[in-house]
Amino acid sequence: MNSISADKRIITLFEDEYDNTFVKRIDSDQHPKVNKKLSEGYFWIKPSAKKTEAIKLYFELWDNYIFFKKSPDKKVIRYMDINFAILQIVNSELPHNATAKALRFQKRNLYEELIYEDETTINKWYDSLKNFCALTCFSQYFNTINVLGEGSFAKVYLVERKSDKKEFAVKVFPKNETLNDPKERKSLVYEINMLRIIKHSRILNIMELYEGNHYIYCLCQYIRGETLMTSLIKQGAQTENKSLNILFQILQALDYLQKQKIIHRDIKPENIMLAGSVNEIDVKIIDLGFATRVSDQDLLFKRCGTPGYVAPEILQGKDYDTKADVFSAGVILYLLLFESMPFGGKDYRAIISKNVECKPRFDLPTEKPISLPSFLISNESIKKYVRKRSL
């Protein structure tokens, strides 16, 4: 293990996520649980700054763990968890002064390097490792085109990758403000963890994470389209077939989240993007700022979401699970069909009150006949649905 000088150390947002020990001895009783081998091969490694002579070992990357072996058929002797480690490709050298590249992993003032003379192998490992590590030098790889949106604590930019001119969206957080606000820091780290875990075509996730001296960059797919709310404002009530198509795709995403035991907690038209064409809508759920694991719902905040879309049990301060998101999807279906909210009101307090009571209106006029409410959206069906959700 090597140490880095104070002037070169990167003060990271993820300090609290690190263990005190970077490289650990393997314990057969406490072997890390892993699912998939992503890469393997020989690298050179320098045991410490005092022992400058590099040794050659065999390494295997399983999820966010790198295992050390003397050879492929030998037992694991060491391992390191590289989750949120700062990852860089740096110049190095091998025995006999041969030039090489190294994958450098840094946590606090400690770092480890895997050295190899073949840059292709280094880049292959880098592509796998960036799913778990924090990268550096964002502006070295991307050009900023324009601002896509701005929130109270972050901005979203359209950027272009210099190497192939491909466009992405990047959500940028000010680092100093986040570091100085313990709750905001905890919330952002939790959100990033959520976005990195999720892998589904209907949910926007983080592709790469960059950390600089002043900003945190979350690189995501750039979705060409508009939000469902923008579409409603432009077009008004949707046809029944289109509404059902949108609902089906939302439920596909929620089914995945339910299997992962994750609650989005803010399903609403502003957080649903409509990509694709007019005839082939492609739904993407965005903004997991309120998302939580079912077991962690009390960790940051229990009551959250947008009034009018929130499941009553959340507003009542009761325990809840992934069914709360299904309730929000039902509200969206109502809005798509009737161009009106089921729990409307003159002010915030009135909306909250009707939302808690959960008594939607079904006597609204529509320009086109709707067959769906006759067997699904009826008072009796709502009662049965509420009873089923409460089980």
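Residues numbered from 1 in each chain as written. Predicted model: local features only at pLDDT ≥ 70, side-chain atom pairs only at ≥ 80, totals over all residues. Heavy atoms only, no water.

Novice: It is not clear to me how the packing of helix α6 (residues 240-259) against helix α8 (residues 323-338) should be interpreted in this structure. Could you clarify?
Specialist: A pair of packed helices is characterised by two quantities: the angle between their axes and the separation of those axes. Relative to each other, α6 and α8 sit at 165°, their axes nearing to 10 Å. As far as their axial angle goes, α8 and α6 are roughly antiparallel. Remark: the crossing between α6 and α8 carries right-handed chirality. On α8, the residues touching Glu 240, Ser 243, Ile 246, Leu 247, Ile 250, Leu 251 and Leu 254 of α6 are Asp 325, Val 326, Ala 329, Ile 332, Leu 333, Leu 336 and Leu 337. Taken together, the residues of the contact of α6 with α8 sort by class into 11 nonpolar, 1 polar and 2 charged. (Axes fitted to C-alpha atoms, helices over the stretch in contact; angles between N-to-C directions. Helix = DSSP H or I, 4+ residues; strand = E, 2+ residues; numbered from the N terminus. Parallel < 35°, antiparallel > 145°, perpendicular 65-115°, else oblique. Left-handed = near helix turned anticlockwise from the far one by under 90°. Contact = heavy atoms within 4.5 Å. Nonpolar A, V, L, I, M, F, W, Y, C, P; charged D, E, K, R; others polar.)

Novice: Which parts of the structure should I look at to understand the sheet that holds strand β12 (residues 167-174)?
Specialist: By definition, the strands of a sheet pair up through backbone hydrogen bonds, in either a parallel or an antiparallel sense. With antiparallel pairing, 5 strands are arranged side by side in an open sheet as β10-β11-β12-β14-β13. At either margin of the open sheet sits one strand with a lone partner, and together these are β10 (142-150) and β13 (206-211). For this sheet, the mean inter-axis angle between neighbouring strands, taken without regard to orientation, is 30°. Both β13 and strand β14 (residues 215-221) contribute to a ladder of 5 bridges, which runs antiparallel. Along β14, the bridge assignment pairs Glu 211 with Ile 216. With respect to the sheet, helix α4 (residues 182-197) is in contact with β12, β13 and β14, its orientation differing from that of β13 by roughly 145°. (Pairing = 2+ DSSP bridges.)

Novice: How do you make sense of the nonpolar core when you look at a structure like this?
Specialist: Note on soluble globular proteins: their nonpolar side chains tend to be buried together. With 61 residues, the main nonpolar core has Phe 14, Ile 192, Leu 209, Leu 228, Ile 250, Ile 272 and Ile 332 as its most contacted residues. By residue number, the principal contributor to this core is α8, which donates 11 residues. For Ile 250, the residues in contact, after removing those within four places along its chain, are Ile 272, Val 283, Ile 285, Ala 329 and Ile 332. Counting residues in hydrophobic clusters, the runner-up holds 31 residues, among them Phe 22, Ile 82, Ala 85 and Leu 219. (Core = buried A, V, L, I, M, F, W, Y, C linked by side-chain atoms within 4.5 Å. Buried < 20%, exposed > 50% of the residue type's maximum accessible area, 1.4 Å probe, protein only.)

Novice: I tried to follow the pattern of salt bridges on my own but got confused; where do I start?
Specialist: A side chain with one charge may pair with a side chain of the opposite charge, provided their charged atoms come close. Counted by the stated rule, this structure contains 17 salt bridges. Between Glu 60 and Lys 69 there is a salt bridge, with the nearest N and O atoms lying 3.2 Å from each other. Judged by relative accessible area, Glu 60 falls into the buried class, the value being 7%. Lys 130 is the partner of Asp 127 in a salt bridge, and the nearest nitrogen-oxygen pair spans 3.5 Å. A residue is classified by how much of its surface remains accessible, and Asp 127, at 42% relative accessible area, is partly exposed. Judged by relative accessible area, which is 17%, Lys 130 ranks as buried. Because the salt bridges share partners, they merge into one network encompassing Lys 37, Glu 40, Glu 60 and Lys 69. (Salt bridge = Lys/Arg side-chain N within 4 Å of Asp/Glu carboxyl O.)

Novice: What should I look at first to understand the sheet that holds strand β17 (residues 272-276) in this one?
Specialist: The strand order across the open sheet built from 3 strands is β15-β17-β18, with neighbouring strands paired in antiparallel fashion. The open sheet has two edge strands, β15 (226-227) and β18 (281-285), and neither has a second partner. In this sheet, β18 lies alongside β17 in antiparallel orientation, the contact comprising 5 bridges. Among the inter-strand pairings, Leu 274 is bridged to a residue of β18, identified as Val 283. Docked against the sheet, α6 engages β17 and β18, running at close to 40° with respect to β18.

Novice: What is the right way to look at the packing of aromatic side chains in this model?
Specialist: The description of an aromatic ring pair rests on the distance of the ring centres and on the angle between the ring planes. Scanning the model with the defined rule gives 18 aromatic pairs in all. Between Phe 43 and Tyr 116, the aromatic rings sit 5.6 Å apart at their centres with planes inclined by 65°, giving edge-to-face as the arrangement. Remark: Tyr 116 occurs in strand β9 (residues 110-116) and Phe 43 occurs in strand β3 (residues 37-45); sequence separation between them is 73 residues. Pairing Phe 142 with Phe 168 gives two aromatic rings, centres 6.0 Å apart and planes at 90°, and the pair type is edge-to-face. A residue pair is termed long-range when its members are at least 10 positions apart, and Phe 142 in strand β10 and Phe 168 in strand β12 qualify at 26 residues. Side by side, Phe 142 and Phe 168 carry an identical accessibility label, which is buried. For Lys 56, the ring lying beneath its charged end belongs to Tyr 42, and the centroid distance is 5.5 Å. Between Arg 104 and the ring centre of Tyr 111, over which it is positioned, the NZ or CZ distance is 4.2 Å. (Phe/Tyr/Trp six-rings, centres within 6.5 Å; stacked < 30°, edge-to-face > 60°. Lys NZ or Arg CZ within 6 Å of the ring centre and 35° of its normal.)

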